[in-house]
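# Chains, contacts and geometry: an overview
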Amino acid sequence: QVQLEESGGGLVQAGGSLRLSCAAFGRDFSLYRMGWFRQAPGKERDFVSAINWSGGNRYYADFVKGRFTISGDTAKNTVYLHMNSLKPEDTAVYYCAAGIVSNRWYATVGAYGYWGQGTQVAVSS
């Protein structure tokens, strides 16, 4: 059974940093694309970042470029989202996702077949 477990969320002041982790269990994810999405109250789930473990390609939403970094540890089957210079508008539930996703669809929610339960990030001003 595939499971994705996020951790690392919390409350931080604006300008601060957090590191989210997503541990993946249940299969070999080496051919998968791992993504991070976020959803604020009353809003749609938005793409944040993605990584293709097989090639190491990384993708970012424009609103996080230069502030967030995605990385993966294949030995631990864990993906990280390093978040720096956090802003109040980054407040959301952050979700980890996994799927066999082509380059064309890496930012599309429906392209990912597996999701974690989410971890809350709150940034105070």
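Refer to the structure above for everything that follows.
Here's what I pulled together on the structure shown here. (Residues numbered from 1 in each chain as written. Predicted model: local features only at pLDDT ≥ 70, side-chain atom pairs only at ≥ 80, totals over all residues. Heavy atoms only, no water.)

## Remarks on the pattern of salt bridges
The test is simple: We count a salt bridge whenever a side-chain nitrogen from Lys or Arg sits within 4 Å of a carboxyl oxygen from Asp or Glu. Numbering goes from the N terminus for both helices and strands, where a helix is a DSSP run of H or I of at least four residues and a strand is a run of E of at least two. Exposed residues in this analysis have more than 50% of their type's maximum accessible area, buried residues have under 20%, and partly exposed residues fall in between, with area computed by a 1.4 Å probe over protein chains only.
Scanning all chains against the criterion turns up 3 salt bridges. The residue Arg67 makes a salt bridge to Asp90 at a minimum N-O spacing of 2.7 Å. A residue pair is termed long-range when its members are at least 10 positions apart, and Arg67 in the loop between strand S6 (58-60) and strand S7 (68-73) and Asp90 in the loop between strand S8 (78-83) and strand S9 (92-99) qualify at 23 residues. With a relative accessible area of 10%, Arg67 lands in the buried category. For Asp90, a relative accessible area of 1% gives the class buried. The structure contains a network of salt bridges with shared partners spanning Arg38, Arg67 and Asp90.

## Some points on the packing of aromatic side chains
Where two aromatic rings form a pair, the distance of their centres and the angle of their planes describe that pair. Note the cut-off: Pairing of aromatic rings covers Phe, Tyr and Trp, the last counted by its six-membered ring, and requires centre-to-centre distances within 6.5 Å; plane angles under 30 degrees mean stacked, over 60 mean edge-to-face, and any other angle means tilted. Only lysine NZ and arginine CZ atoms are considered, and such an atom sits over a ring when it is within 6 Å of the ring centre and within 35 degrees of the ring normal.
One pass over the structure, following the stated rule, counts 8 aromatic pairs. With 5.3 Å between their ring centres and 65° between their planes, Phe47 and Tyr106 make a pair best called edge-to-face. Pair noted here: Phe47 is in strand S5 (residues 45-52) and Tyr106 is in the loop between S9 and strand S10 (114-115), with a separation of 59 residues, a long-range link. With relative accessibility at 23%, the residue Tyr106 sits in the partly exposed group. Aromatic ring contacts, followed pair by pair, group Phe37, Phe47, Tyr59, Tyr106, Tyr112 and Trp115 into a single cluster. When the ring centre of Tyr95 is taken as reference, the NZ or CZ atom of Arg45 above it lies at 3.7 Å. The ring of Trp115 has Arg45 lying over it, and the distance from NZ or CZ to the ring centre is 4.9 Å.

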